[in-house]
Amino acid sequence: MQTTWKGTISFGLVSIPVHLYSATQEHDVPLHQVHAKDGGRVRMKRYCEQEEKEVPYAEIAKGYESPDGRTVTLSDDDLADLPLPSKKIIDVLAFVDEGDIDPLMFSKAYYVGVADKAAAKPYALLRDALTESGQIAVTKIALRTRESPAVLRVHDNTLVLQTCIWPDEVRPAAGIAPEDDVTVRPQELKMARSLMDTLSEDFDLSQLHDDYQQALQQVITARLEGVEIPHEEEPGEAPDNVIDLMEALRSSLKQAKGGRGPTGEPETEPEAEAAGRKPAPRKRAAARKSAPATEKTAEKSTEKSTEKTAGKAAGKAAAKTVTAKTATAAEKTAAAKKSGRKSTAPRKAS
């Protein structure tokens, strides 16, 4: 990987010799200008207005034109000798929470590598301190012809320097957002949050790819092979206004779920609340399912009750029979005793 910058990180009295390497690269299909009539290459020539002739690149310098029309020429040596301490030193100014820096200010990222083995320990010290504290280091650096604020943070166990634009280079956003007093209902907010959660399920940023570059490469290949250029169906026109926000949210939620929730399924709680209805009575469905079971239970209870009643009646009848038999036996015994007494009495003499 090609070195972009060489210098030193100044961390208090600790110095860390480092090299910077570009951390990102943009992939695109290289295109150049041609004459549409015959395909001839169109090249830009460096033309001097004073001498009215083409000038070689080696004689090119940078210049500044003042408001009164005067031009100042600056050579590479002039730019290299600028009295800037940030030319070769990344001076750590402060440590702040990452949320204190608006991401709108972030620019290009560079990996920070050590310049020699002696820098390994202070490098690891700064990296581990940033990781443990959860903070980032605010610095300044001069790259090429520009001094920029920058931050040092940790990515994949490696220090990363991210250049920033100056705070006064961020344009104000006044007048861009809707100025009308718009009221968002809690049901609408809840539905939007439900849609956000659904869209975020199983999302993997690494799976994103550049569809434009792929489509452009297909067109170029078709031209080279002399075949018909592939065409995509034109998408339908997007609505220019939202008539029913809740209906749009509800449809978006169903589409995000992949068409789940056909007609007849209970509404989700956000959908029902958004429409001003109560969620579908799932418990009623459960009650309907349990109704046959309740009827069976009632039948069993009735049968048991009938059996118990019949049993009690039979028991009473048996008890009456036993009582009657006992009474008859007692009467017979008493009669026998009376008869015995009469037969055993002494006869009178004649």
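In this text the structure is predicted, and so the values were computed from the model without any measurement.

Participant: Could you clarify how one ought to interpret the overall build of the chain in this entry?
Facilitator: Of the regular secondary structure elements, the chain holds seven helices and twelve strands. A separation threshold of at least 6 residues defines the contact pool for the chain, and within that pool the share at least 24 residues apart is 59%. Surface exposure of the chain reaches about 28400 Å², of which carbon and sulfur atoms provide 54%.

Participant: What's the story with the pattern of salt bridges in this structure? I'm lost.
Facilitator: One side chain can pair with another of opposite charge once the charged atoms of both are near each other. One pass over the structure, following the stated rule, counts six salt bridges. Here Arg70 and Asp68 are joined by a salt bridge, their closest N and O atoms 3.0 Å apart. For the pair Arg70 and Asp68, one class covers both residues: exposed. Between Lys140 and Glu147 there is a salt bridge, with the nearest N and O atoms lying 3.9 Å from each other.

Participant: Please clarify how the sheet that holds strand S7 (residues 89-91) should be interpreted in this entry.
Facilitator: Working definition: the strands of a sheet are paired by backbone hydrogen bonds and lie parallel or antiparallel to each other. Pairing in this open sheet of eight strands is mixed, and the strands run S7-S1-S2-S9-S12-S11-S10-S8 from one edge to the other. The open sheet has two edge strands with one neighbour each: S7 and strand S8 (94-97). For this sheet, the mean angle separating the axes of adjacent strands, direction not counted, is 40°.

Participant: Before we go on, may I ask you to explain the packing of aromatic side chains in this structure?
Facilitator: Note on aromatic pairs: each is described by the distance of the centres and the angle between the planes. Enumeration according to the criterion identifies one aromatic pair in this entry. Stacked on the ring of Tyr110, the Lys or Arg Lys108 has its end atom at 5.8 Å from the ring centre.

Participant: I would appreciate a short explanation of the confidence of the model for the chain in the present structure.
Facilitator: For residues with low pLDDT, the predicted coordinates do not support detailed interpretation. Confidence along the chain averages 77 in pLDDT terms, with 70% of residues attaining 70 or more. Contacts of residues 283-302 to residues separated by more than four positions or lying in other chains number zero contacts, the stretch itself having pLDDT below 50.

Participant: Sorry, what's going on with helix H3 (residues 186-200) here?
Facilitator: Since the α-helix packs 3.6 residues into each turn, any two residues three or four apart lie on the same face. Here H3 is 15 residues long and its end C-alpha atoms lie 21 Å apart, about the 21 Å a rise of 1.5 Å per residue gives. Those residues of H3 not exposed but buried are Glu188, Met191, Ser194, Leu195 and Thr198. Relative to the axis of H3, the buried residues are bounded by an arc of 120° and lie together on one face. Of the exposed residues in H3, the ones pointing more than 90 degrees away from its buried face are Pro186 and Leu189. At the C-terminal side of H3, Asp202 shows a positive phi close to 60°.

Participant: I would appreciate a short explanation of the pairing of strand S6 (residues 71-74) in the present structure.
Facilitator: Put simply, side chains in a regular strand alternate between the two faces of the sheet. The sheet contact formed by strand S5 (residues 62-65) and S6 spans four bridges and is antiparallel. Note on S6: the bridge partner recorded for Gly63 is Thr73. Between S5 and S6, which pair antiparallel in sequence order, lie five residues; one of them, Gly69, sits at a positive phi of approximately 100°.

Participant: Quick question: what am I supposed to make of a nonpolar patch on the surface here?
Facilitator: Together, Tyr64, Val72 and Leu74 line one region of the surface with nonpolar side chains, adding up to about 270 Å² of accessible area. Judged by relative accessible area, Leu74 falls into the partly exposed class, the value being 32%.

Thresholds, definitions, all that
Residues numbered from 1 in each chain as written. Predicted model: local features only at pLDDT ≥ 70, side-chain atom pairs only at ≥ 80, totals over all residues. Heavy atoms only, no water. Helix = DSSP H or I, 4+ residues; strand = E, 2+ residues; numbered from the N terminus. Contact = heavy atoms within 4.5 Å. Areas by Shrake-Rupley, 256 points an atom, 1.4 Å probe, with all protein chains shown as cover. Salt bridge = Lys/Arg side-chain N within 4 Å of Asp/Glu carboxyl O. Buried < 20%, exposed > 50% of the residue type's maximum accessible area, 1.4 Å probe, protein only. Pairing = 2+ DSSP bridges. Axes fitted to C-alpha atoms, helices over the stretch in contact; angles between N-to-C directions. Phe/Tyr/Trp six-rings, centres within 6.5 Å; stacked < 30°, edge-to-face > 60°. Lys NZ or Arg CZ within 6 Å of the ring centre and 35° of its normal. pLDDT = per-residue confidence, 0-100. Expected span 1.5 Å × (residues − 1). Arc of directions from axis to C-beta. Patch = residues over 30% accessible without salt bridge, like charges linked within 9 Å, V, L, I, M, F, W, Y side chains within 5 Å.

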